[in-house]
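Residues per chain are reported as follows:
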Amino acid sequence: MRSFSISLFHKQKCVGLLLGCLLALLAVLPAASNAWAAAPSVRVLATTYPVYLLTRAVTKNSPEIQVDLLIPAKTGCPHDYALSPGDMRKLSQAHIVVMNGLGLEAFLQKSLPTGGNLAVIDSSAGVNVIREAGEDAHEHGADGGGHEHADHGHDHGGVNPHAFSSPLQAAVMVRNIGRGLAKAAPEAAASCPATADAYAVRLEALGSRFAAVGAHAARKNVIALHDGMAYLLRDAGLNLVAVIQEDEEAQPSAARLLELVRVIKETGPVALVSEPQYSEKPVRTLSAETGVPVVQLDPLASGPVDAPLEYYETVMDNNCRILGNYFDK
């Protein structure tokens, strides 16, 4: 009798455990079902960090779209980048690739899959480009700032590809991205054009604020560490008279620094502009030699991969305030 009671007790205990597990499973199933339903159905791959920032902002109201970054966020401008096996895997899984264009992704051209269903969006259509010195104006627009830019050792067909550093040109890019996504994925990206338009309006307002910086400045000449600043400085109505680091992979030579000292004495720049993506050593050397102060601005060629959606606007707003405070002095 005692053994029967113990056996019955164990059976009841097992039944209770099974019922508990079943109830727990039923409680989880709706949440799991919702998670599966909300899983992104369209995988978008942005080639570079600034394009990633802009594409994320355009798709913020499109839960079926997942935006990933192809190259590491800290890479900066990928002039000599080589795709890794992990990068190739990302490309094979993507439905849409969003590119900067203007020759920046030369490393990618031979690796894009052909003959499949991969859609490619070139965000640079209609951008008012800056050409390198000695080049004619680009068919999409001409440099309105009268800037001269030395060849920095990378072949982009004579075009400066760093248009993303300009809020005004970024506005063009986001509209291209919004329309491109809606064409490639009509259902998932239905809201993207409207979201892009609203975002572009805010970027254009930022561009207007930049324009006010140099509008009444008596002296507008600046020298920048890298030509990635050219578009941002043009927005601010400033004249980029020289670039310090013509080759991104190498520090300027002593002869180049001596030449820049001569240029500084002739043109009288108000500031030397550095970037967080590169060493400030050559800029500081020139500043110590000439007495021209250093101003650091961020063109957003690289940054944190987990940046908030408003990160582009936040950084550009800070750039504008730095320039505004400096030229108000």
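Predicted, not measured: the structure shown is a model, and the values here were computed from it.

Caption draft 1: Examining the overall build of the chain more closely. Broken down by element type, the chain carries nine helices and ten strands. The proportion of buried residues among the 329 residues of the chain is 49%. As presented, the chain carries roughly 15,800 Å² of accessible surface, and 56% of it is formed by carbon and sulfur atoms.

Caption draft 2: Structural context of the environment of asparagine 319. Relative to the helices and strands, asparagine 319 resides in helix H9 (residues 311–327). Residues asparagine 319 and leucine 297, 22 residues apart in the sequence, show an inter-C-alpha distance of 5.6 Å.

Caption draft 3: Local environment of the sheet that holds strand E3 (residues 96–99). Across the sheet, four strands lie side by side as E2-E1-E3-E4; this open sheet has parallel pairing. The open sheet terminates on both sides in strands that have one partner only, identified here as strand E2 (65–69) and strand E4 (119–122). Sheet twist, expressed as the mean angle between neighbouring strand axes with direction ignored, is 25°. Looking at chain direction, E3 and E4 are connected through four bridges and run parallel. If you follow valine 97 over to E4, its bridge partner there is valine 120. Taken strand by strand, helix H4 (residues 167–184) contacts strand E1 (42–46), E3 and E4, and its axis lies near 165° from that of E4.

Caption draft 4: Seen up close, the sheet that holds strand E8 (residues 239–243). Spatially, four strands are ordered E8-E7-E9-E10 in an open sheet, and the strand pairing comes out parallel. Each edge of the open sheet carries a strand with a single partner, namely E8 and strand E10 (294–296). With strand direction ignored, the average angle separating the axes of adjacent strands in the sheet is 35°. With four bridges connecting them, strand E7 (residues 221–224) and E8 associate as parallel partners. Across the sheet, the residue bridging to valine 222 is leucine 240, located in E8.

Caption draft 5: Quick look at the nonpolar core. If you look at the biggest cluster of nonpolar residues, it comprises 71 residues, and the most contacted ones within it are Tyr49, Leu181, Leu233, Tyr312, Leu323 and Phe327. Residues in contact with tyrosine 312, not counting those within four places in the same chain, are Leu53, Leu54, Phe164, Ser165, Ser166, Pro167, Ala170, Tyr199, Leu203 and Leu300. One finds Ile244, Ile264, Leu272 and Tyr278 within the second-largest nonpolar core, a separate group that totals 15 residues.

Caption draft 6: Region of the structure containing the environment of valine 263. Take valine 263: it is sitting in helix H7 (residues 254–267). In this structure valine 263 comes out as buried when scored by relative accessible area, which is 13%. C-alpha of valine 263 to C-alpha of valine 241: the two residues are 22 residues apart in sequence and 8.4 Å apart in space. The contact partners of valine 263, leaving out residues within four places of it in the chain, are Ile223, Ala242 and Gly268.

About the cut-offs
- Residues numbered from 1 in each chain as written.
- Predicted model: local features only at pLDDT ≥ 70, side-chain atom pairs only at ≥ 80, totals over all residues.
- Heavy atoms only, no water.
- Helix = DSSP H or I, 4+ residues; strand = E, 2+ residues; numbered from the N terminus.
- Buried < 20%, exposed > 50% of the residue type's maximum accessible area, 1.4 Å probe, protein only.
- Areas by Shrake-Rupley, 256 points an atom, 1.4 Å probe, with all protein chains shown as cover.
- Pairing = 2+ DSSP bridges.
- Axes fitted to C-alpha atoms, helices over the stretch in contact; angles between N-to-C directions.
- Contact = heavy atoms within 4.5 Å.
- Core = buried A, V, L, I, M, F, W, Y, C linked by side-chain atoms within 4.5 Å.

Such coordinate-based values are descriptive only and should not be taken to indicate function.
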